[in-house]
Amino acid sequence: MSDAVIYNFGAGPAMLPREVMQQVKDEFLDWHGTGISVIEMSHRSKEFISIAEEAETDLRELLNIPNNYKVLYIPGGATMMMSAAPINLLANGETADYLVTGSWSKKAYKEAARLGNINVAADSADDNYYSIPDRNAWSLTSDAAYLYYTDNETITGVEFHEIPDAGDVPLVCDMTSNFLSRPFDMSRYGITFASAQKNFGPAGIACVIVRDDLIGKAGDKTPFLLDFKIYADNDSMFNTPPSFSWYMAGLIYKWILRQGGLVGMDNLAKQRSGKLYQYIDSSDYYTNPIPEKYRSRMNVPFILKDDDLNATFLSEAKQNGLIELKGHRSVGGMRASIYNGMPMEGIDALISFMQDFKEKHG
Ligand SMILES: *Cc1c(COP(=O)(O)O)cnc(C)c1O
């Protein structure tokens, strides 16, 4: 093992704040004088209950969550929620509207269409998912049970920069790749959910925030671990939860609070992505295909002028401590995922490497 700093641009699991990783290391063998690790601790112990309660308090403070919303922790990640949303909300034959703006929303749509009546309200496939269809082009169902969308499409790097207007229809939002990276008005949503491994912890858990009236609507034959009510009635401990992931999420919430909360996260995210886009746009060697108004603050794909140099770029980047830059196969080129845990030094190191690479090979 070398001591050289590694900047991990992976889309997820992704880089977490060094400070939090160090804290986890320091208390790994002996959590707060208990002589045991959180990973060995009963989820019913008063110690773990205190961890869960602090996480709840801190998250409510970060997001200013209204009292009529429950915070649930469910295993199975965001993918589980792609099944859970229709199972919980369409049990009586209702219809849901889906905005398909990239791979993740398409996956969610496909799963929901197996489980309920789904209307595709908009689909940007014709534009390679490089944009978000305008609101006036959506074909919404008047009495939809919910409107589903993906706030940040991780693969193409397309992000909503305002909350879609759904009228009285509950909004259900996959925030996996931009959760806790900016403030938002929770009261505009029915449900938000996010897997931890992009912005706030280890894989295996999703934080799901649900408005009370959307709990308890699942059909009789719903498997219990897919039913929101089971989680709500049992403080997300109906079975053994992914307790270590939950604990680490709690530490990240505290870290975010120390960094100036979600406004602080948003400022940092804009600085990181702004600097990188500016460099890409100013160069005649790298390009990003997304129109500015849809660009993601979290995932920045870029294409080299000469595709044949992709492998060389990746191996030289790795020698410089810059890893996981390979773009998704559906887009090609490179992708830098720059979530909350990526420090500004990582962006500077990447840009400096990109400049050198261009000088050498361009
Ligand atoms: C990564 C990702 C997922 C999948 O998360 P899992 O934890 O693997 O289920 C879903 N949606 C978005 C937007 C993602 O970025």
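None of these values were measured; they are calculated from a predicted model.

Participant: An account of the packing of aromatic side chains is needed here, citing residue identities and associated values.
Facilitator: For the structure on display, the rule yields 22 aromatic pairs. Taking 5.9 Å as the distance between ring centres and 75° as the angle between the ring planes, the aromatic pair formed by F302 and F313 counts as edge-to-face. A residue pair is termed long-range when its members are at least 10 positions apart, and F302 in strand 12 (residues 299-304) and F313 in helix 8 (residues 310-319) qualify at 11 residues. By relative accessible area, which is 0% here, F302 ends up buried. Among the aromatic residues, ring-to-ring pairing joins Y279, Y285, Y286, F302, F313, F353 and F357 into one connected group.

Participant: Can you break down the pattern of salt bridges residue by residue, with the values?
Facilitator: Between side chains of opposite charge, a pair can form when the charged atoms approach closely. All chains considered together, the criterion is met by 18 salt bridges. Here D151 and R182 are joined by a salt bridge, their closest N and O atoms 3.1 Å apart. Residue D151 is found in the loop between strand 5 (146-150) and strand 6 (152-153), and its partner R182 is found in the loop between strand 8 (171-174) and strand 9 (191-195); the two are separated by 31 residues along the sequence. D151 gets classed as buried once you look at its relative accessible area, which sits at 4%. When the shortest N-O distance is used, the salt bridge between D213 and R211 registers 2.7 Å. Exposure remark for D213: the relative accessible area of 43% places this residue in the partly exposed category. Here the salt bridges share partners, and the residues they tie into one network are D151, E159, R182, D266, K270 and R297.

Participant: Pulling in residues and values, what's your account of the sheet that holds strand 14 (residues 334-337)?
Facilitator: Strand order in the open sheet formed by three strands is 11-12-14, with antiparallel pairing between adjacent strands. A strand with exactly one partner marks an edge of an open sheet, and here the two such strands are strand 11 (286-287) and strand 14. Of the strand pairs in this sheet, strand 12 and strand 14 are connected by four bridges, and their pairing is antiparallel. In the strand pairing of strand 14, N299 is matched with S337. Lying over the sheet, helix 7 (residues 261-282) contacts strand 11, strand 12 and strand 14, oriented at roughly 20° with respect to strand 12.

Participant: Give a description of the side chain of S195 that names residues and reports values.
Facilitator: Structurally, S195 is set in strand 9. The exposure class of S195 is buried, given its relative accessible area of 4%. Here S195 is in contact with G77, A78, T176, F200, I205 and A206, once residues within four sequence places are set aside.

Participant: Which residues make up the domain arrangement of the chain, and what values go with them?
Facilitator: Domain boundaries in the chain define domain 1 (7-20 + 260-361) and domain 2 (42-258). Between the C-alpha centres of domain 1 and domain 2 the distance comes to 26 Å. Summing the contributions of domain 1 and of domain 2, the shared interface buries around 2800 Å²; its carbon and sulfur component is 61%. Considering only the side of domain 1, the residues that lose the most area to domain 2 are V20, L262 and Y294, jointly responsible for 23% of the buried surface there. The tally of links from domain 1 across to domain 2 stands at two salt bridges. The partner of R258 in a salt bridge is E19, and the shortest N-O contact between them spans 2.9 Å. Taken together, domain 1 and domain 2 are joined by 18 residue pairs in polar contact (both at pLDDT 80 or more). Breaking the side of domain 1 that touches domain 2 down by element, the ones donating at least two residues are helix 1 (18-26), helix 7 and strand 12.

Participant: Explain the site of the ligand residue by residue, including any values.
Facilitator: Taken together, 15 residues surround the ligand, and among them T79, T154, D174, S195 and K198 come closest. In the environment of the ligand, an oxygen atom lies 2.5 Å from a nitrogen or oxygen atom belonging to the side chain of T154. Side-chain polar atom of Q197 to an oxygen atom of the ligand: 2.9 Å apart, as the coordinates give it. Notes on the ligand: free accessible area 390 Å², of which the protein chains cover 87%. Broken down by element, the residue count for the shell around the ligand peaks at four residues, all from helix 3 (residues 77-89). Per-class residue counts for the shell around the ligand are three nonpolar, 10 polar and two charged.

Participant: Describe the environment of L309, naming the residues involved and giving the relevant values.
Facilitator: Within the fold, L309 resides in the loop between strand 12 and helix 8. Those residues in contact with L309 that lie beyond four places of it in its chain are Y285, L304, F357 and H361.

Participant: Would you mind going over unusual backbone geometry in detail, with residue names and values included?
Facilitator: Between G12 and P13 the backbone carries a cis peptide bond, its omega angle lying at -5°. Following the sequence through the fold, P13 ends up in the loop between strand 1 (7-8) and helix 1. Residue N128 is not a glycine yet carries a positive backbone phi of 55°. Within the element layout of this structure, N128 appears in the loop between strand 4 (117-123) and strand 5. You will see that D235, though not glycine, has its phi angle at about 50°, which is positive.

Participant: So what's going on with helix 9 (residues 344-361)? Residues and values would help.
Facilitator: In an α-helix, one full turn covers 3.6 residues, which means residues spaced three or four apart are oriented alike. Spanning 18 residues, helix 9 covers 26 Å between terminal C-alpha atoms, matching the ideal 26 Å at 1.5 Å per step. Every buried residue belonging to helix 9 is among G346, I347, L350, I351, F353, M354 and F357, and all of these are buried. On an axial view of helix 9, the arc spanned by its buried residues comes to 160°, and they lie on one face. Turned more than 90 degrees from where helix 9 packs its buried face, E359 and K360 sit exposed.

Conventions we followed
- Residues numbered from 1 in each chain as written.
- Predicted model: local features only at pLDDT ≥ 70, side-chain atom pairs only at ≥ 80, totals over all residues.
- Heavy atoms only, no water.
- Phe/Tyr/Trp six-rings, centres within 6.5 Å; stacked < 30°, edge-to-face > 60°.
- Helix = DSSP H or I, 4+ residues; strand = E, 2+ residues; numbered from the N terminus.
- Buried < 20%, exposed > 50% of the residue type's maximum accessible area, 1.4 Å probe, protein only.
- Salt bridge = Lys/Arg side-chain N within 4 Å of Asp/Glu carboxyl O.
- Pairing = 2+ DSSP bridges.
- Contact = heavy atoms within 4.5 Å.
- Axes fitted to C-alpha atoms, helices over the stretch in contact; angles between N-to-C directions.
- Domains from an automatic or database assignment.
- Buried area = accessible area lost by both parts, 1.4 Å probe.
- Polar contact = N/O pair within 3.5 Å; in protein donor to acceptor, adjacent residues only side chain to side chain.
- Near = heavy atom within 4 Å.
- Areas by Shrake-Rupley, 256 points an atom, 1.4 Å probe, with all protein chains shown as cover.
- Nonpolar A, V, L, I, M, F, W, Y, C, P; charged D, E, K, R; others polar.
- Expected span 1.5 Å × (residues − 1).
- Arc of directions from axis to C-beta.

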